[in-house]
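# Summary of structural features
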Amino acid sequence: MDDAILHGVAKSIIAWLGSSTIQLIGSIWGFKAELEKMNRTVSTIRAVLHDAEEQQDENHQVKDWLLKLRDAVFDADDLSSEFSTHVLRQRVMDSGKMPKKVSIFFSSSNQLVFGLKMACKIKAMRKRLDDIAEDRNKFQLKFEDCPLETRVVTRGRDQTHSFVREGEVIGREEDKKAIIDLLLDFDMEENVSFISIVGMGGLGKTTLVQYIYNDKEVMAYFELKMWVCVSDVFDEKAIVEKIIASATNKKPQNLEMDQLQNELRKNLNQKKYLLVMDDVWNEDKERWCSLRTLLLDGSKGSKVLITTRNKLVAEITSPVSPYFLEGLSENQSWSLFKKMILEKKQEFDDPNLEAIGRDIVEKCRGVPLAIKIIGRVLCSKKTEAEWLSIKNNELTNVTQLRDGIIPILKLSYNHLPSYLKCCFAYCSLFPKNYLIDKFTLIQLWIAQGFIQSSEENLQLEDVANEYFMDLHWRSFFQEAIEDQGRNMYFKMHDLIHDLAQSISRNECTLVDSNAKNVNEKVRHLSFPFCHSSFFEENLTLLVKANKIRTFILTSNPYFTSFAEASYKQSVDDLAWSVSVYIASTEGRVEESTFKTLILTFKYLRVFDLHGLQMKTVPKFVGKMMHLRYLDLSYNYFEFLPRSITGLVNLQTLKLIHCKKLRELPKDIQKLVRLKHLHLNGCENLTHVPCGLGQLTCLQTLSLFVVLKDLVGSSKHYGELDELNKLNELRGKIEIKNLAWAIDATSKSKVANLKEKQHLSELELAWNPNDDVGIEAHHDDERLLDGLQPHQSLKSLRVEGYRGVRFSSWLSSLTNLVKLHVESCKKCQHLPPLCQLPSLEELHVRHMDDLECISDQAITNENLASMGSSGTIFFPSLYVLILENCPNLKKWWRRDIVDNGDVATTSTSSSHQYQQQISLPYFPRLLLLHILDCNKLSCMPLFPNVYELGLTNTCWKPSQQTMAMTMNTAEASLLPSSSSSSPFSGLHKLALGNIQDIESPPEEWPQNLISLERLDIWECPRLTSLSRFMQYLPSLKILTIERCELVDQFSDDTECHLPTSTCLQTLVFTGISKLESLPAYLQHVTTLQKLEVSECHSFLTIPEWIGNLTSLRKIVIESCPNLTSLPEGMRRLTSLQMLRIFKCPHLEQRCEPENGEDWYKIAHVPFYSNAALDMDDLLGNY
């Protein structure tokens, strides 16, 4: 057991005792000397904690002493919090202003009684700590002179060597090949290259490198090979001595550093060498660079191969991307396990042992060292009962295996500074495989007092973020993903989680289903399940732990998988729309139960009640004086009790998706420590209260609502000027109901958005639903002008704006990455955006009066000047969405080409548009969707799109793009993977309701070489597809729906030409001319899914369907004239599912057991004549 959290609490107490304010108040109330003595005592105790932790497993008296100390330190921290809370409450009562003379304030009569009581408590606590500190002498505990966070931990790892027998390495052939390829790569810029292999402890990095080091090809390639085990003490002189010894087989004797460096460089000079530096921990870049300089004398092709657990080490040592070593696969893990158990035998004699063994291997999660350790333990166990005992008892607490993976991981933990230890240990509160929100974790750390900063100007959140990244670099966190730079979500490897639990087991408990594992001494509780009756049924057990500091619900993470936190969707939308939260608690917790919990757990710093279906928030919550973090998200209350404003220590208040919440407390300004107010999804919130602007510490304010009905309303609502001083706001803010803002012009400027440099996302919403109650003279344009944000803004959404023009400041947002403009009904054009250097996504939707995107006229002279100046048109844009803009005709107000009607006859080539190649084009656009913009006939070209979707719009821009021919200079601006042929990189194409297309251009077959998916629907004039359908070499999915005139299906000679060799899915819907399957399909042996529906002329399925041996799913629906199946159906041995629906004659012939055609399909595992699509049951075949 390691009391990491105790370290953090002790540090927090020392910081509090040293506070100048506390010292001054102590002087006034006469107990300053007691505070100073307590400070010395706590510092002394903290200095011997490490040695006490080392001794406790062997000395029960030390263990008892630590338990007493633990209780005393936590009680001292509670006392300090009580004292600070009283001081803070007095300040709030005096309107947040301290008198000029603190002595007057704290010597007043109403404070003397409290001062005397506090003096007595502090004196008693100091004596209690003194007695405990005195007892330390009985155990001769060693005093640590240096602070724990700078203490160097010497790890007891054995020295590694370079030899391994080939048969000892299992499952690393691919890794070996990949790394050898890196080592033998001669085309490196520098003579000596540095390559890092990164992976958690126990993955077998050293073993793999030993394997590579002794490979015959590697041995032949390098003239000189050296191996050194560096370990955690990065002593340059010692490392140089080891390298020389490995190179010469002779250890240097009594040489100074200058002599050593000469000797080293002489040995490396002009030799193509391989140096392995195993187990590197050094994070000091200067120390590394000093050693690196001595290694640069090798000839071209020399390599230094570094193994480390720490990504930061890899970043420092190697300029190229590190090689990340993963765990073994299931089969590889099983092979290694069998090798440990069976020795020379190949398989298990006892199938029961094999089944147990496979379960055990699964728990090892592909970590070779863990598999070896468990295998060695099981070697001596011969019976099924013994194996089951290992699996069900010992393996569930694998942390107790003294010589196993956990001790090795513990070395990584021991290497942490103390301020990271407590942060890591706290993570044991999250269940295994839990997706942890970085921002939430940071807020929890701060609430517990783990984060300290000596710099006043440095926000604790920034310090905590550095702590998080440090733990991430050290591989304590894994599978981390970012949401567009706003937040990060991550998991912990199961073995790392076991380590965290082993360290924190005295402090943190994941409560089991009956609460029997709740110790009354525990300080942090997590509830990883979800049923309301639990709290009533186990209340008597829970209240025994009456000094807990954390109460969190971890049964329902806001995300259930990494896919739900994907790059493309916002966190707030996902948390609700994915319906993750429909798994909220069954039933409601009784208010009396809440009351008992609140009154019992009076020392809570963190209280999480999200998703409990609460209709009211108990007023008793205001009594929780120590509370720093309160999560009431996903509940059903309409109001918060006024008592909540008594929580003067509250830093985080989460009300995410409290959809019925109407108001916030009127005296919200009393929450003087509040930094994070989460209001995402509070759609019924009517306004923000007056006084919100006094909370100048606020960093998170996700929603600001302007009151709609101003008539007769009191001054308890906040206006835009409440935002004036909130310059610490970060992340995202949505300002809602701007149509009702009064004194809009002046108040918008007073909102001072321009000074909020930490904001990354801004949403400005007027009234997207209706115009009721809005004054006609409301000046939206001036309002928007006044809401200019800081130029560091990354994302902007403007919705419901009713001005004709947009503010010019939009063009100055040089860091803008994403822009959404939506439902701005009167807007006629946007300001110039084409030269915004960072803009990646542009979404324009539901713009009724929009006539052009840019109000500028584009001329040949403009284009020439752009080309000569090197300015790139939309240099970063990769997503463009234009939707429902019925009057949008063109991109620019004036074009450079004749924009008259152009005939698009059946076989017209797009060569007629060659004169338009001077149109600018999007060099990096990958995704373009144009929907319901049927007048848009001219826009910039888009030759490099990956995905193109056109619905109810004009075909002409696509023809213009197809006709373009890029010159060499233009082609050089493209991504390196691009081709100079337009649409050569197109992978997905969707065409719907295109009125002016009769036949695709002649260039399509030669250009669409990458097309993998093609969807065409409701193109009424489209008649000919056959000329290009058979020349799409990459096509995998083809869907054609309701194209009545299409003649794709005539059985002529063209139909026998070669076709796609990749097609996997083919869907025909509503094709009136379709009588049978096209003949060329008989050669498409890759087809896996075939669907024909609503084709009333469909009469036969040809006999050659039996050639399509890869078919796994066939759907035939609403084809009433299809009356039988061919004999070839019997040859479809891969067919897994057949659904025939609304085909009465055919259904009758396919009746199970009795139908005339049943024998042709009896081998198909799943047959249905129901409307239900079995995709949900079987997956997409």
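Residues numbered from 1 in each chain as written. Predicted model: local features only at pLDDT ≥ 70, side-chain atom pairs only at ≥ 80, totals over all residues. Heavy atoms only, no water.

### Topic: the overall build of the protein
Quick reminder of the rule: Where helices and strands are cited, they refer to DSSP runs of H or I of at least four residues and of E of at least two residues respectively, numbered from the N terminus. For this analysis, residues touch if any pair of their heavy atoms sits within 4.5 Å. Accessible surface is estimated by sampling points in the Shrake-Rupley manner with a 1.4 Å probe; for residues, cover comes only from the protein chains shown.
Across its full length, the protein holds 36 helices and 35 strands. Considering only contacts within the protein whose residues lie at least 6 apart along the sequence, 68% involve residues at least 24 apart. If you sum the accessible surface of the protein, you get close to 50600 Å²; carbon and sulfur atoms cover 48% of it.

### Digging into the pairing of strand β1 (residues 192-198)
Remark: a regular strand shows side chains that alternate across the two faces of the sheet. Rule in force here: To sort residues, take the accessible area from a 1.4 Å probe on protein chains only and compare it with the maximum for the residue type: under 20% means buried, over 50% means exposed, and anything in between is partly exposed. When DSSP finds two or more bridges between a pair of strands, those strands are recorded as paired.
Of all seven residues in β1, seven are buried; the element is thus mostly enclosed. Every second residue of β1 is oriented toward a common face, with Val-192, Phe-194, Ser-196 and Val-198 on one face and Ser-193, Ile-195 and Ile-197 on the other, all of them buried. Looking at chain direction, β1 and strand β4 (residues 302-308) are connected through seven bridges and run parallel. Each residue of the ladder has a partner; that of Ile-195, found in β4, is Leu-305. Looking at chain direction, β1 and strand β5 (residues 323-324) are connected through two bridges and run parallel. Within the sheet, the bridge partner assigned to Ile-197 lies in β5 and is Tyr-323.

### Brief notes about the packing of helix α19 (residues 418-426) against helix α21 (residues 460-473)
As a reminder of what qualifies: Axes here refer to lines fitted to C-alpha atoms; in helices the fit is confined to the stretch in contact. Angles between the N-to-C directions go from 0 to 180 degrees. Roughly parallel means an angle under 35 degrees; roughly antiparallel means over 145; roughly perpendicular covers 65 to 115; every other angle is labelled oblique.
Interhelical geometry of α19 versus α21 gives an angle of 80° and a closest axis separation of 10 Å. Put simply, α19 runs roughly perpendicular to α21. Contacts between α19 and α21 involve Tyr-419, Leu-420, Cys-423 and Phe-424 from the former and Tyr-467, Asp-470 and Leu-471 from the latter.

### Re the sheet that holds strand β14 (residues 652-654)
Judged by pairing direction, the sheet is parallel, and its eight strands sit side by side in the order β9-β10-β11-β12-β13-β14-β15-β16 without closing on themselves. Taken across any chain shown, the strands that pair with only one partner, and hence form the sheet edges, are β9 (508-510) and β16 (700-701). Sheet analysis places strand β15 (residues 676-678) next to β16, joined by two bridges and oriented parallel. Bridged to His-676 within β16 is Thr-700.

### Some remarks on the pairing of strand β34 (residues 1137-1141)
Within β34, five of the five residues are buried, which leaves it mostly tucked inside the rest of the structure. Both faces of β34 are covered, namely the face carrying Met-1137, Arg-1139 and Phe-1141 and the face carrying Leu-1138 and Ile-1140. Alignment of strand β33 (residues 1113-1117) against β34, held across five bridges, turns out to be parallel. The residue bridging Lys-1113 from the neighbouring strand is Met-1137, located in β34. In terms of strand pairing, β34 meets strand β35 (residues 1166-1168) through three bridges, oriented parallel. If you follow Met-1137 over to β35, its bridge partner there is Phe-1166.

### Quick notes on the sheet that holds strand β2 (residues 224-231)
Strand order in the open sheet formed by five strands is β2-β3-β4-β1-β5, and the pairing between neighbours is parallel. Every other strand in the sheet has two partners, leaving β2 and β5 as the edge strands with one partner each. Relative to β4, strand β3 (residues 273-280) runs parallel, the two sharing four bridges. Within β4, the residue paired with Leu-275 across the bridge is Val-304.

### So, the pattern of salt bridges
We apply this condition: Put simply, a salt bridge is a Lys or Arg side-chain nitrogen that is within 4 Å of an Asp or Glu carboxyl oxygen.
Tallied over the entire structure, the rule returns 36 salt bridges. Lys-521 is the salt-bridge partner of Asp-71, the closest N and O atoms lying 2.9 Å from each other. You can see Asp-71 sitting in helix α4 (residues 60-93) and its partner Lys-521 sitting in the loop between β9 and β10 (524-527), a full 450 residues away along the chain. Of the charged contacts, one joins Asp-848 and Lys-825 as a salt bridge, the two residues approaching to 3.9 Å between their closest N and O atoms. Separated by 23 residues along the polypeptide, Asp-848 in the loop between β22 (841-845) and β23 (852-857) and Lys-825 in the loop between β21 (818-822) and β22 bring together distant segments of the chain. For Asp-848, a relative accessible area of 29% translates into the label partly exposed.

### Concerning the packing of aromatic side chains
The condition is simple: Aromatic rings from Phe, Tyr and Trp, with only the six-membered ring used for Trp, were paired whenever their centres fell within 6.5 Å, and each pair was classed as stacked if the ring planes differed by under 30 degrees, edge-to-face if by over 60, and tilted otherwise.
Summed over the entire model, instances satisfying the criterion amount to 29 aromatic pairs. Taken together, a centroid distance of 5.2 Å and an interplanar angle of 65° make the contact between Trp-766 and Tyr-801 edge-to-face. In this pair, Trp-766 is assigned in the loop between β19 (759-765) and α28 (780-786) and Tyr-801 in the loop between β20 (795-799) and β21, connecting sequence segments 35 residues apart. Classification of Trp-766 by relative accessible area gives buried; the value is 0%. Members of the aromatic cluster, connected to one another through ring pairs, are Phe-527, Phe-534, Phe-535, Phe-551, Phe-601 and Phe-607.

### Let's talk about the nonpolar core
Definition in use: As used in this record, nonpolar core signifies buried Ala, Val, Leu, Ile, Met, Phe, Trp, Tyr and Cys residues forming a set joined through side-chain atoms within 4.5 Å.
Within the largest apolar cluster, 182 residues are counted, with the highest numbers of intra-cluster contacts made by Phe-551, Leu-655, Leu-677, Leu-723 and Leu-796. If sequence neighbours within four positions are ignored, Leu-796 has contacts with Leu-762, Leu-764, Trp-809, Leu-810, Leu-813, Leu-816, Lys-818, Leu-819 and His-820. Among the nonpolar cores identified, the runner-up in size contains 105 residues, and Ile-179, Trp-334, Ala-425 and Ile-496 belong to it.

### Some remarks on the environment of Leu-928
The residue Leu-928 is located in strand β26 (residues 927-933) in this model. A relative accessible area of 0% means that Leu-928 is categorised as buried. Separated by 61 residues in sequence, Leu-928 and Leu-989 have C-alpha atoms that sit 9.9 Å apart. Not counting residues within four places of it along the chain, the set of residues in contact with Leu-928 comprises Leu-880, Met-939, Phe-942, Val-945, Glu-947, Leu-948 and Gly-949.

### Thoughts on unusual backbone geometry
At Tyr-634, a position not held by glycine, the phi torsion is positive, near 55°. Summarising the element assignment, Tyr-634 is placed in the loop between β13 (629-631) and β14.

### Considerations on the side chain of Gln-459
Note the cut-off: Between N or O atoms, a polar contact is any pair within 3.5 Å; within protein, one atom must be a potential hydrogen donor and the other a potential acceptor, and residues adjacent in sequence are included only when both atoms are from side chains.
With respect to the helices, strands and loops of the structure, Gln-459 is situated in the loop between α20 (438-447) and α21. A distance of 3.2 Å separates the side chain of Gln-459 from the side chain of Glu-728, its partner in a polar contact.

### So, the environment of Ser-760
Along the chain, the position of Ser-760 falls in strand β19. Ser-760 sits in the buried class, given a relative accessible area of 17%. With near-sequence residues (within four places) excluded, Ser-760 lies in contact with Gly-731, Leu-793, Lys-794 and Ser-795.

### Section: the packing of helix α14 (residues 330-342) against helix α15 (residues 351-363)
Rule in force here: With the far helix as reference, a near helix turned anticlockwise by less than a right angle produces a left-handed crossing, and one turned clockwise produces a right-handed crossing. Charged means Asp, Glu, Lys or Arg here, nonpolar means Ala, Val, Leu, Ile, Met, Phe, Trp, Tyr, Cys or Pro, and polar covers whatever is left, Gly included.
Between α14 and α15, whose axes approach to 10 Å, the crossing angle comes to 120°. Relative to α15, α14 is oriented oblique. Of the two elements, α14 crosses α15, and the hand of that crossing is right-handed. Across from Ser-333, Trp-334 and Phe-337 in α14, the residues of α15 making contact are Glu-354, Gly-357, Arg-358 and Val-361. Residue composition of the contact of α14 with α15, grouped by class: three nonpolar, two polar and two charged.

### Quick word on helix α22 (residues 494-504)
Within α22, ten of the eleven residues are buried, which leaves the element mostly enclosed by the surrounding structure. Burial in α22 covers these residues: Asp-494, Leu-495, Ile-496, His-497, Asp-498, Leu-499, Ala-500, Ser-502, Ile-503 and Ser-504.

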